[in-house]
Amino acid sequence: MKDNFSKQATEYSKYRPQYPDEMIDYLISFVKNKGVALDVATGNGQVAHKLSRFFETVYAIDISQKQLDKAIPGKNIIYKVSQAENTLFKNQEFDLIAVAQAIHWFDFDLFYKEIYRILKRDGIFAVLGYGLFSTNVDSDKILQNFYHNTIGPYWDTERKYLDENYKTIPFPFDEIVTKSFENHFTWTFEELIGYLETWSATQHYISKNNKNPIDLIYDDLKVSWQKNDKKVTFPLLLRIGKLKWLPLKKIYKCQEFSP
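Since the structure is predicted, the reported quantities are computational estimates derived from the model, not experimental observations.

Basis of the calculations
- Residues numbered from 1 in each chain as written.
- Predicted model: local features only at pLDDT ≥ 70, side-chain atom pairs only at ≥ 80, totals over all residues.
- Heavy atoms only, no water.
- Helix = DSSP H or I, 4+ residues; strand = E, 2+ residues; numbered from the N terminus.
- Buried < 20%, exposed > 50% of the residue type's maximum accessible area, 1.4 Å probe, protein only.
- Polar contact = N/O pair within 3.5 Å; in protein donor to acceptor, adjacent residues only side chain to side chain.
- Axes fitted to C-alpha atoms, helices over the stretch in contact; angles between N-to-C directions.
- Parallel < 35°, antiparallel > 145°, perpendicular 65-115°, else oblique.
- Left-handed = near helix turned anticlockwise from the far one by under 90°.
- Contact = heavy atoms within 4.5 Å.
- Nonpolar A, V, L, I, M, F, W, Y, C, P; charged D, E, K, R; others polar.
- pLDDT = per-residue confidence, 0-100.
- Pairing = 2+ DSSP bridges.
- Right-handed = clockwise from strand over helix to strand, strands pointing away.
- Salt bridge = Lys/Arg side-chain N within 4 Å of Asp/Glu carboxyl O.

J.: Please set out the side chain of Asn44 residue by residue, giving values where relevant.
T.: Assignment of secondary structure puts Asn44 in the loop between strand S1 (36-40) and helix H3 (46-51). With a relative accessible area of 4%, Asn44 lands in the buried category. A polar contact is formed between the side chain of Asn44 and the backbone nitrogen of Gln46, at a distance of 3.4 Å.

Following this line, the structure appears as structure tokens:
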């Protein structure tokens, strides 16, 4: 997994949007037992903190210690530095495994092999995320051009999975049809710029060109933002599944699993 977010860990914890309680409550409704949950690539612990209201224990792992240093504390949350594809957890340990806004960075073969090892047979696996936000028509024109053209060449290839709303990721599970969700915010201009600063493509642009691409749109975007309603809408992404405990030799190139 690429570590694209350690250097802006503070901004990530401050400006990345939270998932609405309605969506988390909906996810939890599919989980039979509320013993132990795992939040993979937890970042600043947003999802882990929300899960901690329901589970006795929540483990939250990330490859970035800097991210974990900014994570939301909780008395029943245990944060650990760990790769998603190679954990030290016991077989069939978790009632729920969730990964939010990160699965596109993983080695799918290795990650799903690990999920089939550590998720309980009646457990739930969930992928959460959010796509490109929309706002007023005037600001959207500026932001769409920025996203696709200015920093477009600087997105990692894995970003395509988010642009495709996670519909094209491998998903070797018995999938549960889910409801659709959106997230709505009213942002100050500082919050808007802060969020754009957390984009990995923005940081790649800065690293290569030694200048901030946001400077190219800053003035026009500020004028546009101040004269409009400052509202943003994120399309939320959610896929939920259960293990396929079938007598198959392989499940998405994973090793053989037997019921």
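J.: How would you summarise the packing of helix H8 (residues 189-198) against helix H10 (residues 218-226) if you had to cite specific residues and measurements?
T.: Where H8 contacts H10, the axes come no closer than 10 Å and their chain directions differ by 140°. For the element pair H8 / H10, the angle class is oblique. In the crossing of H8 with H10, the sense of the turn from one axis to the other is right-handed. Within the contact between the two elements, H8 uses Phe189, Leu192, Ile193 and Leu196 and H10 uses Tyr218, Leu221, Lys222 and Trp225. Classifying every residue of the contact of H8 with H10 by side-chain character gives seven nonpolar, no polar and one charged.

J.: Tell me about the confidence of the model for the protein chain, and please be specific about residues and values.
T.: The predicted coordinates should not be examined in detail at positions where pLDDT is low. Overall, the predicted model of the protein chain reaches an average pLDDT of 91, with 90% of residues at or above 70. In this model residues 254-259 is a low-confidence stretch, pLDDT under 50, and it forms 18 contacts with partners more than four residues away in sequence or in other chains.

J.: Please give an account of the pairing of strand S5 (residues 119-130) that cites residues and values.
T.: Most of S5 sits out of view: nine of its 12 residues are buried. Taken together, the six bridges between strand S4 (residues 94-100) and S5 define a ladder with parallel strand orientation. Across the sheet, Ile97 pairs through a bridge with Phe125, a residue of S5. Assessed by its sense of winding, the connection that carries the chain from S4 through helix H5 (residues 108-118) to S5 is right-handed. Sheet analysis places S5 next to strand S8 (residues 231-242), joined by six bridges and oriented antiparallel. Bridge pairing in S8 places Gly129 opposite Leu237.

J.: So what about the packing of H8 against helix H9 (residues 200-209)? Which residues, and what values?
T.: It is at 5 Å that the axes of H8 and H9 come closest, and there the two elements cross at 70°. Taken as axis vectors, H8 and H9 run roughly perpendicular relative to one another. Residues Leu196, Glu197 and Thr198 of H8 touch H9, and the partners they reach there are Ser200, Thr202, Gln203 and Ile206. Within the contact of H8 with H9, the residues separate by chemical class into two nonpolar, four polar and one charged.

J.: Break down the pattern of salt bridges for me, with residues and values.
T.: Under the defined criterion, the tally for this structure stands at nine salt bridges. In this structure, the salt-bridge partner of Glu190 is Lys14, at a minimum N-O distance of 3.8 Å. With Glu190 in helix H8 and Lys14 in helix H1 (residues 9-15), this pair connects stretches of sequence that are 176 residues apart. Of the two residues examined, Glu190 and Lys14, each falls in the exposed class. Of the charged contacts in the structure, one is a salt bridge between Arg117 and Glu114, with a shortest N-O distance of 2.7 Å. Residue Arg117 and its partner Glu114 are located together in helix H5, separated by three residues, close to a single helical turn. For Glu114, a relative accessible area of 8% gives the class buried. Bridged by salt links that share partners, the residues Asp21, Asp25, Lys50 and Arg53 form one connected network.

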